[in-house]
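For reference, the chains in residue letters:
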Amino acid sequence: MPDAFDIYEMEIMNSSEFPNILNQSIYLTIYSTFENEFFKLCEWCQKAESLKIGPKDINGQGYIGQCRKYITNVLDVSLDSLNDEWTEIKKYQLIRNSIAHNNGIIKSPKNDILKFIESSNGISFDTEKSQVKMESIDFLKTLIDKLTNFLSETAERIIEEKMPAHNNV
């Protein structure tokens, strides 16, 4: 005889909510990997530059805020060319935080986040519940592309500004 957990698990697996639950879990994993890689990039720069101050010593909005401030303020590398990408990443961060801390609910969402969700494939916003729904992996694929490109472009900016001799080779 199945216990209560088995019945609950079967209901989730057969539920229309399962794709959303699975996609949100994957979303959190992807975003967490991005945070860790961004932080590792900063730690690598700290060692390469023999700096006493590391990304952990910087105040910011979570890991990514600390990392961006570290790169711009401590390493003195301009990320201005990535401002549009950064604005978009902050939207991904808001979605991440809503999933991780509030079951996907965004209380009083601003128009920019609603437009962002509306214009993105694989995600929707249930206005009655004020909740994000991950409908397909399309949004996850886009997330991976955006975050990977941002990390690559950030690393390129660091190389260009911190290792000018490398660029003349």
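Okay, so let's go over this structure. Bear in mind the structure is a predicted one, so any value in this text is a computation, not a measurement. (Residues numbered from 1 in each chain as written. Predicted model: local features only at pLDDT ≥ 70, side-chain atom pairs only at ≥ 80, totals over all residues. Heavy atoms only, no water.)

## Comments concerning the pattern of salt bridges
Counted according to the given criterion, the structure contains 5 salt bridges. One salt bridge in this structure joins glutamate 153 and arginine 157, with 2.9 Å as the shortest N-O distance. With glutamate 153 and arginine 157 both in helix H6 (residues 138-162), this residue pair falls 4 residues apart, about one helical turn. Judged by its relative accessible area of 30%, glutamate 153 falls in the partly exposed class. One salt-bridge network, held together by shared partners, links Glu153, Arg157 and Glu160. (Salt bridge = Lys/Arg side-chain N within 4 Å of Asp/Glu carboxyl O. Helix = DSSP H or I, 4+ residues; strand = E, 2+ residues; numbered from the N terminus. Buried < 20%, exposed > 50% of the residue type's maximum accessible area, 1.4 Å probe, protein only.)

## As for unusual backbone geometry
The phi angle at serine 50 is positive, at roughly 55°, despite the residue not being glycine. With respect to the helices, strands and loops of the structure, serine 50 is situated in the loop between helix H2 (18-48) and helix H3 (62-74). Classification of serine 50 by relative accessible area gives exposed; the value is 64%. Here serine 108, not a glycine, exhibits a phi torsion of approximately 50°, which is positive. With respect to the helices and strands, the residue serine 108 is situated in the loop between helix H4 (83-102) and helix H5 (111-118). On the basis of relative accessible area, serine 108 is assigned to the exposed category, the value being 69%.

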